[in-house]
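Listed below are the residues making up each chain.
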Amino acid sequence: MNLTGFMYFWKPATEITILWFVIYHILLFFQGTRARQVMRGIIVLLVAFFLFQKLKLTILEWLLTKLFAISVIAIMIIFHPEIRQGLARLGQRNLFGQPLREEELGQMLLQIVNATDNLCRSKEGALIVIEKDDPLNAYIETGVAIDAKVSSELIETVFTHKSILHDGGLVIQHGRIAAAGCLFPLTDSPELNRIFGTRHRAALGLSEETDAIIIVVSEERQDVSIVYRGRLYKDLSQEDIISRVKEIIRSKKEYGKKNN
Amino acid sequence: MAKKIINFGNQLRHWIMSHPWLKLIALILAILVWFYVKDEINRFNY
């Protein structure tokens, strides 16, 4: 390509590439959230709008233009939690945060599996959340701040029936217990089996909105599950939990979509 | 150097393999939006 051709094409190419990057990240953001279905509908309407415009179907184009004008407010209301969360992610993303070292992670997971094992035996439930890339500060604020080293004794104490904090979730942030008694959004997924209670619903709800790794101990069945990106991996052994959590922490966001 | 090249290759493969449909849809939408905005700018002679 000669210089004139390059000068003519570089601007549109750059603009389209930037638009592609932005649109891809918007779509990626909505993947795995409850707004995914609405997003699909909007894409179909957008493509239809461009088609009507090119084919000069003026009545249909006019109708869709009016529909889009009205739906801006509707979209703001429908996507309100996602927009808020997205802006919070932009502002809070821990770009310079140090990931946990391998031995620190191993030690933390060992404490967690010891706790879950003991809680299973004593027929007590638990909801333990490990922060990954998405900040969980909004959820930490709903609970009671702890800021302590991860230990099986502390986790067990939080989840004993007599503890005031046992009903909520325990959040681990940067390798430390940040808070307990935290409240999470419940999933409204119809796919979740009736045998799962509120604890599993909260775990799935949180996993649909963030990339947190959630460990759930079932009070009724005395088994341990991991919930990640809207997927539930149930009835796991201690070794399974450790290896799976390590695998998720090392992986990129799409782990949940590749497995199961 | 060799390790760097392998890592770059893996990263590129991972980037291509992850969400290919999403990338295609995003590219189509980006092209459509670009032409739409160009038409609008030409129409109103900004």
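Caption draft 1: Expanded view of the pairing of strand β3 (residues 169-173) of chain A. Residue and element names in this part refer to chain A. Burial within β3 is extensive, with four of its five residues counted as buried. Across three bridges, strand β1 (residues 126-130) lies against β3 in parallel orientation. Following the sheet pairing, V129 is matched in β3 by V171. As judged from the four bridges shared by β3 and strand β4 (residues 176-182), these two strands associate in the antiparallel manner. By the bridge assignment, I172 is partnered in β4 with I177. Counting the residues between successive antiparallel strands, the hairpin from β3 to β4 contains two residues, one of them, H174, with a positive phi of roughly 50°.

Caption draft 2: Focus on helix α3 (residues 58-78) of chain A. Here α3(A) is 21 residues long and its end C-alpha atoms lie 29 Å apart, about the 30 Å a rise of 1.5 Å per residue gives. The largest bend along α3(A) measures about 40° and falls at S71(A).

Caption draft 3: Summary view of the sheet that holds strand β2 (residues 144-149) of chain A. Residue and element names in this part refer to chain A. The strand order across the open sheet built from seven strands is β2-β4-β3-β1-β5-β6-β7, with neighbouring strands paired in mixed fashion. Strands at the two margins of the open sheet, each flanked by one partner only, are β2 and β7 (231-233). Strand-to-strand twist in this sheet, taken as the mean axis angle between neighbours without regard to direction, amounts to 25°. By the bridge criterion, three bridges tie strand β6 (residues 224-228) to β7 in an arrangement that is antiparallel. Paired with V227 across the strands is L232, a residue of β7. Lying over the sheet, helix α8 (residues 198-209) contacts β1, β3, β5 (213-217), β6 and β7, oriented at roughly 175° with respect to β5. Across the sheet, helix α9 (residues 238-250) lies against β1, β5, β6 and β7, angled at about 10° from β6, the strand it touches most.

Caption draft 4: Up close: the interface of chain B and chain A. Chain B puts 14 residues into the contact, and the matching count from chain A is 15 residues. Considering only residue class, the side of chain B that touches chain A consists of 11 nonpolar, two polar and one charged.

Caption draft 5: Structural detail: the confidence of the model for chain A. On average, residues of chain A score 82 in pLDDT, and 87% of them reach the 70 mark or higher. Low confidence marks residues 253-260 of chain A, where pLDDT is under 50. Its contacts with residues over four positions away, or in another chain, come to 13 contacts.

Caption draft 6: Highlighting the nonpolar core. Within the largest apolar cluster, 44 residues are counted, with the highest numbers of intra-cluster contacts made by I112(A), L127(A), I128(A), V129(A), L170(A), V171(A) and I214(A). Residue contributions to this core peak at six residues, all from helix α5 (residues 102-121) of chain A. Contact partners of V171(A), with chain neighbours within four places excluded, come to V129(A), E131(A), L136(A), Y139(A), I140(A), G143(A), A178(A), A179(A) and C182(A). Counting residues in hydrophobic clusters, the runner-up holds six residues, among them I23(A), L27(A), A26(B) and L29(B).

Caption draft 7: The arrangement of unusual backbone geometry in detail. Residues and elements named next belong to chain A. With a phi angle near 55°, K123 is a residue other than glycine that sits in the positive phi range. The topology assignment puts K123 in the loop between α5 and β1. Given 13 C-beta atoms within 10 Å, K123 falls into the partly exposed group. The phi angle at H174 is positive, at roughly 50°, despite the residue not being glycine. Within the fold, H174 resides in the loop between β3 and β4.

Caption draft 8: Just the environment of E153(A), in detail. Residue and element names in this part refer to chain A. Relative to the elements of secondary structure, E153 occurs in helix α7 (residues 152-159). E153 sits in the exposed class, given 11 other C-beta atoms within 10 Å. Each C-alpha atom of the pair E153 and Q111 lies 8.4 Å from the other, and the pair is 42 residues apart in sequence.

Caption draft 9: Representation of the packing of α5(A) against α9(A) within the structure. Residue and element names in this part refer to chain A. Their axes nearest at 10 Å, the elements α5 and α9 cross at an angle of 140°. With respect to α9, the axis of α5 lies oblique. Two packed elements cross with a definite hand, and for α5 against α9 that hand is right-handed. Counted together, L105, L109, V113 and D117 of α5 and Q238, I241, I242, V245, K246 and I249 of α9 form the full contact between these two elements. Broken down by class, the residue content of the contact of α5 with α9 amounts to seven nonpolar, one polar and two charged.

What counts, and where the lines are drawn
- Residues numbered from 1 in each chain as written.
- Chains lettered and ligands numbered in written order.
- Predicted model: local features only at pLDDT ≥ 70, side-chain atom pairs only at ≥ 80, totals over all residues.
- Buried ≥ 20, exposed ≤ 12 C-beta atoms within 10 Å, placed from the backbone.
- Helix = DSSP H or I, 4+ residues; strand = E, 2+ residues; numbered from the N terminus.
- Pairing = 2+ DSSP bridges.
- Expected span 1.5 Å × (residues − 1).
- Bend = angle between axes of the 7 residues up to and from the residue.
- Axes fitted to C-alpha atoms, helices over the stretch in contact; angles between N-to-C directions.
- Contact = placed C-beta atoms within 7 Å.
- Nonpolar A, V, L, I, M, F, W, Y, C, P; charged D, E, K, R; others polar.
- pLDDT = per-residue confidence, 0-100.
- Core = buried A, V, L, I, M, F, W, Y, C linked by C-beta atoms within 7 Å.
- Parallel < 35°, antiparallel > 145°, perpendicular 65-115°, else oblique.
- Left-handed = near helix turned anticlockwise from the far one by under 90°.

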